[in-house]
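Chains, contacts and geometry: an overview
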Amino acid sequence: MRNLAQLTANVKTILPFSGRLRTLGRRLLLTAAATGTLLAVSVPAQADQGFSQFVSGFWPTAKAAGISSQTYNAVFTGMQPDDDTLRLMSKQSEFVKPIWDYLDSAVSDTRVEKGREMLKEYSQVLAVIENRYGVDREAVLAIWGMETNYGGFMGRHNVIQALATLAYAAPRRKSFWEKELVTALAIVQAGHVRFQDMEGSWAGAMGHTQFMPSSWKAYAADYDGDGRRDIWTSIPDALASTAAYLQKHGWQTGKTWGYEVALPSGFDYHMADGEKTLTLGEWGRYGIRRSNGKDFPRPSDNAILVLPAGASGPAFLMLKNFYVIKRYNNATAYALAVGHLADRIIGGGPIEGDWSREHLPLNRSETAELQALLNQRGFSVGTADGRIGPATRKGIRAYQRSRGMVPDGYASIVLLARLKLDG
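Residues numbered from 1 in each chain as written. Predicted model: local features only at pLDDT ≥ 70, side-chain atom pairs only at ≥ 80, totals over all residues. Heavy atoms only, no water.

1. Focus on the overall build of the chain
A tally of regular secondary structure across the chain gives 18 helices and 9 strands. Counting over 423 residues, the chain shows a buried share of 51%. When the accessible surface of the chain is summed, it comes to about 19400 Å², and 49% of that surface belongs to carbon and sulfur atoms. (Helix = DSSP H or I, 4+ residues; strand = E, 2+ residues; numbered from the N terminus. Buried < 20%, exposed > 50% of the residue type's maximum accessible area, 1.4 Å probe, protein only. Areas by Shrake-Rupley, 256 points an atom, 1.4 Å probe, with all protein chains shown as cover.)

2. A look at the packing of aromatic side chains
Under the counting rule described, the total for this entry stands at 19 aromatic pairs. Consider the rings of Phe-176 and Trp-177, whose centres lie 4.9 Å apart with planes at 70 degrees: the pair is edge-to-face. A relative accessible area of 28% means that Phe-176 is categorised as partly exposed. With centroids separated by 4.7 Å and ring planes inclined at 70 degrees, the aromatic side chains of Tyr-219 and Tyr-245 adopt a geometry described as edge-to-face. Pair noted here: Tyr-219 is in helix H11 (residues 213-219) and Tyr-245 is in helix H12 (residues 235-248), with a separation of 26 residues, a long-range link. Positioned above the aromatic ring of Phe-176 is the side chain of Arg-173, whose terminal nitrogen or guanidinium carbon lies 4.4 Å from the ring centre. Sitting over the ring of Trp-216, Arg-229 keeps its end group 3.9 Å from the ring centre. (Phe/Tyr/Trp six-rings, centres within 6.5 Å; stacked < 30°, edge-to-face > 60°. Lys NZ or Arg CZ within 6 Å of the ring centre and 35° of its normal.)

3. Section: the pattern of salt bridges
Charged atoms that come close allow side chains of opposite charge to pair. Evaluated as defined, the whole model comprises 13 salt bridges. With a shortest N-O distance of 2.9 Å, Asp-84 and Arg-156 are connected by a salt bridge. Placement of the pair is Asp-84 in helix H4 (residues 83-89) and Arg-156 in the loop between helix H8 (137-148) and strand S3 (157-158), with a sequence separation of 72 residues. Residue classification places Arg-156 among the exposed positions, given a relative accessible area of 57%. For Asp-301, the salt bridge is made with Lys-255, and the minimal N-O distance between the two is 3.0 Å. With Asp-301 in the loop between strand S7 (289-290) and strand S8 (302-306) and Lys-255 in the loop between H12 and strand S5 (258-262), the pair connects residues that are 46 residues apart, well separated along the chain. With a relative accessible area of 7%, Asp-301 lands in the buried category. (Salt bridge = Lys/Arg side-chain N within 4 Å of Asp/Glu carboxyl O.)

4. A closer look at helix H5 (residues 99-106)
For H5, every residue scored as buried is listed here: Ile-99, Trp-100, Leu-103 and Ala-106. All buried residues of H5 fall inside an arc of 135 degrees around its axis, so they share one side. Summarising the contacts, the buried residues of H5 are in contact with helix H6 (109-121), H8 and helix H15 (332-345). (Arc of directions from axis to C-beta. Contact = heavy atoms within 4.5 Å.)

5. Let's talk about helix H18 (residues 413-421)
By the criterion of burial, H18 is predominantly enclosed, with 7 of the 9 residues buried. Regarding H18, the residues found buried are Ile-413, Val-414, Leu-415, Leu-416, Ala-417, Arg-418 and Leu-419. The opening residue of H18 is Ser-412, an N-cap whose side-chain oxygen sits 3.3 Å from the backbone nitrogen of Val-414. (Polar contact = N/O pair within 3.5 Å; in protein donor to acceptor, adjacent residues only side chain to side chain.)

6. Section: the layout of surface pockets
Vacant regions in the atomic arrangement are exposed by a probe of water-molecule size rolled over the atoms. For the second largest pocket, the calculated volume is near 1100 Å³. Around the second largest pocket sit 34 residues that line it, and Pro-308, Thr-332, Ile-388, Arg-393 and Tyr-410 are the ones nearest its centre. Listed by contribution, the elements that provide at least two residues to the lining of the second largest pocket are S8, helix H14 (320-328), H15, helix H16 (364-376) and helix H17 (390-402). A per-element tally of the lining of the second largest pocket places H14 first, with 3 residues. Across the lining of the second largest pocket, the residue classes break down as 17 nonpolar, 8 polar and 9 charged. (1 Å grid on protein atoms, 1.4 Å probe; cavity = no way out; pocket = protein on both sides within 12 Å on 5 of 7 lines; lining within 4 Å. Points joined across faces, edges and corners; volume = space filled by probe spheres on them. Nonpolar A, V, L, I, M, F, W, Y, C, P; charged D, E, K, R; others polar.)

7. A few points about the side chain of Gln-400
In this structure, Gln-400 sits in helix H17. Residue Gln-400 is classed as buried on the basis of its relative accessible area, which comes to 3%.

8. Here's the deal with the nonpolar core
Counting 108 residues, the largest nonpolar core has Tyr-72, Phe-76, Ile-160, Leu-181, Leu-185, Met-198 and Leu-370 as the members making the most contacts within it. Here the element with the most residues in this core is H15; it accounts for 9 residues. Beyond its immediate sequence surroundings of up to four residues, Met-198 is in contact with His-157, Asn-158, Val-159, Ile-160, Ala-184, Ile-187, Val-188, Val-193, Met-206 and Trp-232. Core analysis: the second largest hydrophobic core is formed by 17 residues, Phe-267, Met-271, Leu-278 and Leu-319 among them. (Core = buried A, V, L, I, M, F, W, Y, C linked by side-chain atoms within 4.5 Å.)

9. Quick word on the packing of helix H2 (residues 49-64) against helix H3 (residues 69-76)
At their nearest, the axes of H2 and H3 sit 11 Å apart, and the two run at 150 degrees to each other. By the angle class used here, H2 and H3 are roughly antiparallel. You can see that H2 and H3 cross each other, and the crossing is right-handed. Where H2 approaches H3, its residues Val-55, Phe-58, Trp-59 and Ala-62 are matched on the opposing element by Ser-69, Tyr-72 and Phe-76. (Axes fitted to C-alpha atoms, helices over the stretch in contact; angles between N-to-C directions. Parallel < 35°, antiparallel > 145°, perpendicular 65-115°, else oblique. Left-handed = near helix turned anticlockwise from the far one by under 90°.)

10. Quick notes on the side chain of Thr-392
By the secondary structure assignment, Thr-392 is in helix H17. You can call Thr-392 buried: its relative accessible area is 2%. Not counting residues up to four positions away in its chain, the partners in contact with Thr-392 are Gln-371, Val-381 and Arg-387.

11. A closer look at the confidence of the model for the chain
Taken as a whole, the chain shows an average pLDDT of 88; of its residues, 88% reach a score of 70 or greater. Segment residues 1-46: pLDDT under 50, and 94 contacts once partners within four positions in sequence are set aside and those in other chains are kept. (pLDDT = per-residue confidence, 0-100.)

12. Some remarks on the pairing of S5
Of all 5 residues that make up S5, 4 are buried, and the element is covered over most of its length. Of the strand pairs in this sheet, S5 and strand S9 (residues 315-318) are connected by 4 bridges, and their pairing is antiparallel. If you follow Gly-258 over to S9, its bridge partner there is Met-318. Here 2 bridges tie S5 to S7, and the two strands are oriented antiparallel to one another. For Val-261, the partnering residue across the bridge sits in S7 and is Arg-290. (Pairing = 2+ DSSP bridges.)

Listed below in structure tokens is the structure:
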């Protein structure tokens, strides 16, 4: 068998990432009858007849939800499917961005500096929001920075057009897209935003802090009391809405999201299963210390040990607020980036631990190959479905332990290459 260090040095050439797929959309034209019911009329040959039929057929659903014919006609007359939504909806990229690359971009020096500028510019607004909702201002700013780069890019799509395209053409979750579409129509009808100003992503996330219509309905706030919850053109409304969202999901005022920590030699990596909860003081009795050498300010706080890149990368003890951030976007990389950006905005330093960047994460097909190989080697992980769950992590740890490796349960390209050579 070749030396693993040599294998690691060349691992990027062993399992290349795949490219991206693209699709195209087409056009339509609609008009409304004076009776208030919608009728598709003759359209150009190149128009998407199916979309025209969808818009006409969706009218009874919208009407039953309280949408007026005036609103419906004003929004849909002349609308065509969103080409970019069709393209991105169909994209099945195998590419997986390593967490260190994600963090390099998400918590760049430019974004940190911009966040500090926004902290000063909106200091009074943020003070009111912090007092009103009990959510720390730097966390609100960090989400704003992550979602739209402080309003620098809120998406180039009209939300209703994008949602209508998804409700019409998406292969999955049609009922979800239809409900979001109805809610978006109701937002326009109520006057919270003009239809043409309803800016967002190709998948319908809206405004400065990227709420889906259903999240807007449940959590958006009217900071200035003008009767509108305008997350598109009112920065105070958008920031207050984000704070309201975090508050209602259990944000703990004045507490951090987590701590970067150093693990002792000989640490039992089975404790880093992403679920085991101990107080910070209890973790300390296992030899875990903050990476900056300081004491934990509240040893009674509960925390979970998380190793985003396995034993080869930094370690963190995550507190309740980390998991509240994950309610905004259920990805460890996202929540870590938000927390870290928040710390940097108020003067914190960079992550101290090094990422072993040759330990690239696996895409789904590579994960399925890893699972199949583990099954073949006698380390049963169940169906090779390309998804990492408890059974796969358990199998990885068993294999790692049998080969004298650190049993961190982390699926990387280095581990897959080792399995392929270990026949």
